[in-house]
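Listed below are the residues making up each chain.
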Amino acid sequence: MKKLLTILLAVACLSSSAWAEPVRLRFIKDDAEALQVRIDMIRHAKKEILVEYFSVWNDDQSVGIMALLIDAAKRGVKVKMLLDALSNSVPNAVLSTMMRHGVDGNGNNNLEVKVYNPISANLKNVVKRTHAKLLITDSDRVLTGGRNIGDKYFGLSDKRNYDDLDVLTEKHVALAATNDFMAVWNAKIVRTPRLFEYEIEKLDEVSCANEENHQNCENNRRGALLNLKKEEVRLEDKLERILDLKGRNELNVRNFDWFEGSQLGSNVTFVSHEPTKLASKESAHMTVAVLDILNKAKRDIVILSPYIIPTEDLFISLAKAMARGVNVKFLTNSVVSTDNLFAQAGYRKYREVLIRMGVELYEYTGPNTMHVKGLVVDEKVTVVGSYNLDPRSAYLNREVGIIIIEELGSNPVARELLKIEKELAQKARLVARGGRKLVEEEELKEVLTLKNSILLKSISFILPLIEHQL
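Residues numbered from 1 in each chain as written. Predicted model: local features only at pLDDT ≥ 70, side-chain atom pairs only at ≥ 80, totals over all residues. Heavy atoms only, no water.

**Regarding the side chain of aspartate 166**
Rules: Helix numbering and strand numbering both begin at the N terminus, where a helix is a DSSP run of H or I of at least 4 residues and a strand a DSSP run of E of at least 2. Think of a polar contact as two N or O atoms within 3.5 Å of one another; within protein, one of them needs to be a possible hydrogen donor and the other a possible acceptor, and neighboring residues in sequence only count if both atoms come from side chains. Pairs of residues are marked as contacts when any of their non-hydrogen atoms sit within 4.5 Å.
Following the sequence through the fold, aspartate 166 ends up in strand β8 (residues 166-170). Polar side-chain contacts of aspartate 166 include one of 2.8 Å to the side chain of arginine 147. Every residue in contact with aspartate 166, bar those within four places of it in the chain, is listed here: Arg26, Phe27, Ile28, Ala34, Arg38, Leu143, Thr144, Gly145, Gly146 and Arg147.

See the structure below:
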């Protein structure tokens, strides 16, 4: 009965926006635009900014986004930032600086930070993370997709970057995303982060007065203050560079309509796993929604996913679809473009099965890593978000996404995503079609470094133990 209620809830989510007014949607593929839209959304926010990311780094663009959030809080915007407790790389000194300096002219501290599922005594849940990527402003605009926050997500790393995709939309979809975020924010699965030596009360001058080792305490306190000052200067310098403020009295805010050239969606829904609980088979509403979409396919299924490790439920849905005569097409990473050898080992285990099933299979060859997460069915249903086709997204991580349905005629949003898929496929090789392998086995092995070859072999031995966590 509980599983039936979950399925009914997910199906209801798919149709819940049918009554709502149409909304504008814009895919953002270009790296420079992806960074600029985030800057503009934060700069134009008037009341509230909600931020949730699986991975935020400690590099130039990450610092820039955090500097902008501080600036927004100083002008009176309420800022809430939710980070995964294990997957983000933001130093405690930066988090402490953000919380100490997000204060407006009236003395209101407008910037809050929380972390998702910090390590606790219940170690079996340590693998359950938030994989969401959300930027929401004023409950009116929401940006989601595959990008985390870091130089490599905006084409600015001097090593490998990501080919990725965001979708920007508005109105009732943004309001639904806001409600979903706040449900997570207020749930027991998130906590205020432990900042240790950077806790505000430990930085006070009298904090060491009653300590037994007074001098050691005072040295640690002064060292923490020096680090905080260094981070404060770094954040201020980055803000000046972003806004080009040196020598100016007014903020240089770019005035650009990000919905220019957008598509109109008449049935658009925000979807996620159950926000107040850690993911499981019972709370994975987005998985139920994705499977429901696949089960209704009549002609074509096109899937873009950096990692493909089919669950049993996914295999069943794909097999039934293909038995109905549905064409299934996958675009995923090859071993030379992947950023995750563990996931690649899981995919390689099932590649032959997918080929024998008759899947049309493309493997991206780089030079970047393909990180787009998208699904198109019959040119009528489109899904874009944080969801990968692997067990981790299916039943372990918190995932979010946007579903666009067009019952009458083809969907212009679907056509646009298919165009992006074709552009990415030009940097990929066609591995198989119609049950036939189209490249020689020697080509499939690729040129691996000795290190990666050894790692893949090692992972294959332990794969049965960790496969459900990939």
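So, next bit.
**Considerations on helix α3 (residues 60-74)**
Heads up, the condition is: Multiplying one less than the number of residues by 1.5 Å gives the expected span of a helix. The buried label goes to any residue with under 20% of its type's maximum accessible area, the exposed label to any with over 50%, and the partly exposed label to all in between, with areas taken from a 1.4 Å probe on protein chains only.
A rise of 1.5 Å per residue sets the reference length of α3, with its 15 residues, at 21 Å; its end C-alpha atoms lie 21 Å apart and thus fit the reference within 8%. Within α3, 13 of the 15 residues are buried, which leaves it mostly tucked inside the rest of the structure. Taken from the residues just after α3, glycine 76 is the one with a positive phi, measuring 105°.

**Looking at the sheet that holds strand β10 (residues 263-265)**
So the rule is basically this: Strands pair, by our definition, only if DSSP identifies at least two bridges between them. In this description, a line fitted to the C-alpha atoms serves as the axis of each element, helices being fitted only across the stretch in contact, and the angle between N-to-C directions of two axes falls anywhere from 0 to 180 degrees.
One open sheet accounts for nine strands, arranged β9-β4-β3-β2-β5-β6-β8-β1-β10; its pairing is mixed. The open sheet has two edge strands, β9 (190-191) and β10, and neither has a second partner. In this sheet, strand β3 (residues 78-84) lies alongside strand β2 (residues 48-53) in parallel orientation, the contact comprising six bridges. When the sheet's bridge partners are listed, glutamate 52 is paired in β3 with leucine 82. Together, β1 (23-28), β2, β5 (133-137), β6 (141-145) and β8 form the strand contacts of helix α2 (residues 31-44), whose direction differs from that of β6 by roughly 150°.

**Describing unusual backbone geometry**
For the peptide bond that leads from glycine 366 to proline 367, omega is 20°, which places it in the cis range. Tracing the chain through its elements places proline 367 in the loop between β14 (360-364) and β15 (369-370). With a phi close to 55°, aspartate 138 is a non-glycine residue in the positive phi region. With respect to the helices and strands, the residue aspartate 138 is situated in the loop between β5 and β6.

**A word on the packing of aromatic side chains**
Our working definition: Ring pairs shown here join Phe, Tyr and Trp side chains whose ring centres sit within 6.5 Å, with only the six-membered ring taken for Trp; geometry is labelled stacked below 30 degrees between planes, edge-to-face above 60, and tilted in between.
Enumeration over the complete set of coordinates arrives at three aromatic pairs. A centroid spacing of 5.7 Å and a plane angle of 20° characterise the contact between phenylalanine 181 and tryptophan 185, whose relative ring orientation is stacked. Of this pair, phenylalanine 181 and tryptophan 185 both sit in helix α5 (residues 171-185), separated by four residues, roughly a single helical turn. Note on phenylalanine 181: relative accessible area 0%, which makes it buried. Judged by its relative accessible area of 3%, tryptophan 185 is buried.

**Describing the state of the cysteines**
Put simply, the rule is: In what follows, a disulfide is any cysteine sulfur pair within 2.5 Å.
Applying the stated rule across the entire model yields one disulfide. Sulfur-sulfur distance for the disulfide between cysteine 208 and cysteine 217 comes to 2.0 Å. Here the S-S torsion is close to -75°, and the disulfide linking cysteine 208 with cysteine 217 is therefore left-handed. For the pair cysteine 208 and cysteine 217, one class covers both residues: buried.

**Describing the nonpolar core**
Inclusion rule: Side-chain atoms within 4.5 Å link the members of a nonpolar core, which is a set of buried Ala, Val, Leu, Ile, Met, Phe, Trp, Tyr and Cys residues.
If you look at the biggest cluster of nonpolar residues, it comprises 50 residues, and the most contacted ones within it are Ile49, Leu69, Leu95 and Met98. Contributing elements (two or more residues each) for this core: α2, β2, α3, β3, α4 (92-101), β4 (111-116) and α6 (214-243). Non-local contacts of leucine 95, meaning those with residues more than four positions away in its chain, are made with Met81, Leu83, Val90, Val113, Pro193 and Leu195. If you look at the next biggest cluster of nonpolar residues, it comprises 44 residues, including Leu134, Val184, Val376 and Ala425.

**Considering the side chain of histidine 273**
Along the polypeptide, histidine 273 turns up in the loop between β11 (268-272) and α7 (285-295). In this structure the side chain of histidine 273 is engaged in a polar contact, spanning 3.5 Å, whose partner is the backbone nitrogen of histidine 285. Of note is the side chain of histidine 273, whose polar atom sits 3.2 Å from the backbone nitrogen of methionine 286.

None of this, on its own, says anything about what the molecule does.
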